[in-house]
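Coordinate analysis (summary)
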Amino acid sequence: MMSNRLSLFMSKRLLRFFLFVSVAFLLLFFLYFPDSETNSKTILSAPDYLSNDPDHLASFLKSPRLKEIHEENLEHLAQVEKLKQLKYQQELEQQHQMMEHEKYLQEQRKIHKDPIKEEEQNQEILRDLVNLQFSSNKDKKKNTNRQDSKNVNINSEKDDNKEDMDAMRELTPFTSIGKYNTDPKFNDTMEYIRQYSGKPGAKPRATFLTLLRNEDADDMVRTIMNFQRKFNDKFEYPWIFLNDEEFDTSVKEVLQKTAPSIKMIFGTIPKEHWSYPHWIDQDKAAQGRQKLTEMDVIYGDSESYRHMCRYQSGFFWRHELLDDYDWYWRVEPETNLHCEVSYDVFQWMQDNDKMYGFTLSIHEFEATVSSLWTSVKKFFRANPSYKNEYNLKKFISNDGGVTYNLCHFWSNFEVANLHLWRSPAYRHFFDFLDREGGFFYERWGDAPIHSIAASMFLPKEKIHHFKDIGYHHPPYNSCPIEDKIYKSNKCDCDQDKDFTFHDYACGQEFYAAQGIEKPINWRRNVGKW
Ligand SMILES: Nc1nc2c(ncn2[C@@H]2O[C@H](COP(=O)(O)OP(=O)(O)OP(=O)(O)O)[C@@H](O)[C@H]2O)c(=O)[nH]1
Ligand SMILES: [Mg+2]
């Protein structure tokens, strides 16, 4: 009995002993083998790979944390790589922009002149104009006492001007142009235009019009094909070509073949419309050409370019082939339309009582028009009644008319009413300017002449910017920057190359002068190139 109790007591103690030993063993196990999953994270702490303790490092190298850190590193490296690539791309873009800018500057130098120099010269001219203004006021005061009452209302500026003014009277007998009466009673240009123009809804009497040299026929073929495809296949307006020389038969044939269904009319310009008027001093004209040539002004030395500008200003609308028309769309070789024009532009102009439409505007090269504004002011002082009360003067002058800001509609594209140029106001204006001689002594362009006249003689709402017509004349583009217009008109141009609101253009001046909203994204290309 006794031995039974003893053996039971002994076996309990043995059990307790084994229990104690196992617990102790487990404790030791966790203390000495700490790389089990649960302990590793609590023992290792960053940056484990920098530890100086070899045991610590050894245990770290075995841990899954190493894998995690490796993955983190890879991710980090990928991000660095991405950033590097981004920076590279930015650098490339910058380089590209610099190249484009350099290209732009070169074009400017070639086509107009160095824009930086131009700015300096503008400042110089501004100073000259202020001086001129000042001295002419002094002259005025000196002369008033000497003038007889007959001359006072014509001009009170200088004695020389008397001669000009006599010439102006001699030149403006208001004879008819073709069948158009230019009775001077029409001081209001709109009133004059309305007596001849088609009424809203009537079929417009309209034509395309191109001044062309035989040697430019190839370029013209491409332009005709483009205009036909984008617009005229639908509306079939005729096309008049004018040339200061006889058109070659082969040129006429090839142009007609380009658009067989279109009525093409070829005309020669009368010699008296493309030659020096008798009052031009040839030596002075030669000096003027030399001066512009030395200044590296494009066409500075060209006589034919000057005849062309004078013709486009004062004569094309007198050509008998245009007698039956109210409207023209001026097209030059080497130009093209970028978008489809699905509506009848002439009909739209007529129905909406617009008189002058353009796509692009630009600043003129100052040296070509240095004395133009002085002459313009002289004209308006003598003929204030031609000025329309609601004119667009703000487009052409930033200081209320003291100076010309060089803005003009780029006249290589024009959709306009021919009666604007046939009007007494414009005829008088052109004849006066022609007498001044600036077409030959400087290099007055038809674009500033048309723009100043349209801006001064018309109410401003008669002048329309075709922001929906994509157009190219080297080197500039009008490319609708509003996506809705771009898509619906199926344009094929680069919106980043639209020139409309570029600093060198005058889109900003036009919208401000009209008091109308610019497109929301008008800044898109400002300061580019
Ligand atoms: N018949 C004829 N046409 C000319 C002459 N010079 C220019 N033209 C035309 O007159 C228009 C304007 O001439 P452009 O040489 O294009 O003048 P521009 O647009 O100021 O200058 P570019 O930058 O050269 O286009 C174009 O339709 C020419 O084809 C000429 O001597 N004879
Ligand atoms: Mg041209």
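So, a few notes on the structure that sits alongside this text. Since the structure is predicted, the reported quantities are computational estimates derived from the model, not experimental observations.

Here we take up the site of ligand 1. The local shell around ligand 1 holds 14 residues, among which Leu 211, Asp 244, Tyr 299, Tyr 305 and Glu 332 are the closest. Side-chain polar atom of Asp 244 to a nitrogen atom of ligand 1: 2.9 Å apart, as the coordinates give it. Contact between ligand 1 and Tyr 305: an oxygen atom at 2.5 Å from a side-chain N or O atom of the residue. About the coverage of ligand 1: the protein hides 84% of its 610 Å² of free accessible area. When residues in the shell around ligand 1 are grouped by element, the largest group, four residues, is from helix H12 (residues 303-314). Across the shell around ligand 1, the residue classes tally to seven nonpolar, four polar and three charged.

Right, let's talk about unusual backbone geometry for a bit. In the segment running from Pro 474 into Pro 475, the intervening peptide bond is cis, with an omega of 5°. The residue Leu 406 is not glycine, and still its phi comes out positive at about 75°. Within the fold, Leu 406 resides in the loop between helix H15 (393-396) and strand E8 (407-409).

With distances of 2.0 to 2.2 Å, the protein atoms coordinating the magnesium ion (ligand 2) are Glu 332 (OE) and His 473 (NE2). Of the two residues, Glu 332 is situated in the loop between strand E4 (327-330) and strand E5 (336-337) and His 473 in strand E11 (residues 471-473); the sequence distance between them amounts to 141 residues.

Before going further, it helps to examine the packing of aromatic side chains. Enumeration over the complete set of coordinates arrives at 51 aromatic pairs. With centroids separated by 5.4 Å and ring planes inclined at 10°, the aromatic side chains of Trp 373 and Tyr 404 adopt a geometry described as stacked. One end of the pair, Trp 373, is in helix H14 (residues 372-382); the other, Tyr 404, is in the loop between H15 and E8, and 31 residues separate them in sequence. In terms of burial, Trp 373 and Tyr 404 fall into one category: buried. Here Phe 379 and Phe 429 contribute two aromatic rings whose centre-to-centre distance is 5.2 Å and whose plane-to-plane angle is 65°, an arrangement assigned as edge-to-face.

Checked against the element boundaries, Glu 414 lands in strand E9 (residues 414-417). Lacking a salt bridge, the buried Glu 414 has Arg 330 as its closest oppositely charged neighbour, with an N-O distance of 4.4 Å. Within the local environment of Glu 414, its side chain forms a polar contact with the side chain of Tyr 356, the two groups lying 2.6 Å apart. In terms of polar contacts, Glu 414 uses its side chain to reach the side chain of His 450, at 2.6 Å. Once residues lying within four places of it in the same chain are set aside, the contact partners of Glu 414 are Tyr 328, Trp 329, Arg 330, Tyr 356, Gly 357, Trp 421 and His 450.

Definitions and cut-offs
- Residues numbered from 1 in each chain as written.
- Chains lettered and ligands numbered in written order.
- Predicted model: local features only at pLDDT ≥ 70, side-chain atom pairs only at ≥ 80, totals over all residues.
- Heavy atoms only, no water.
- Near = heavy atom within 4 Å.
- Polar contact = N/O pair within 3.5 Å; in protein donor to acceptor, adjacent residues only side chain to side chain.
- Areas by Shrake-Rupley, 256 points an atom, 1.4 Å probe, with all protein chains shown as cover.
- Helix = DSSP H or I, 4+ residues; strand = E, 2+ residues; numbered from the N terminus.
- Nonpolar A, V, L, I, M, F, W, Y, C, P; charged D, E, K, R; others polar.
- Donors = N, O, S within 2.8 Å, 3.2 Å for Na, K, Ca; no water.
- Phe/Tyr/Trp six-rings, centres within 6.5 Å; stacked < 30°, edge-to-face > 60°.
- Buried < 20%, exposed > 50% of the residue type's maximum accessible area, 1.4 Å probe, protein only.
- Lys, Arg positive; Asp, Glu negative; His and termini not counted.
- Salt bridge = Lys/Arg side-chain N within 4 Å of Asp/Glu carboxyl O.
- Contact = heavy atoms within 4.5 Å.

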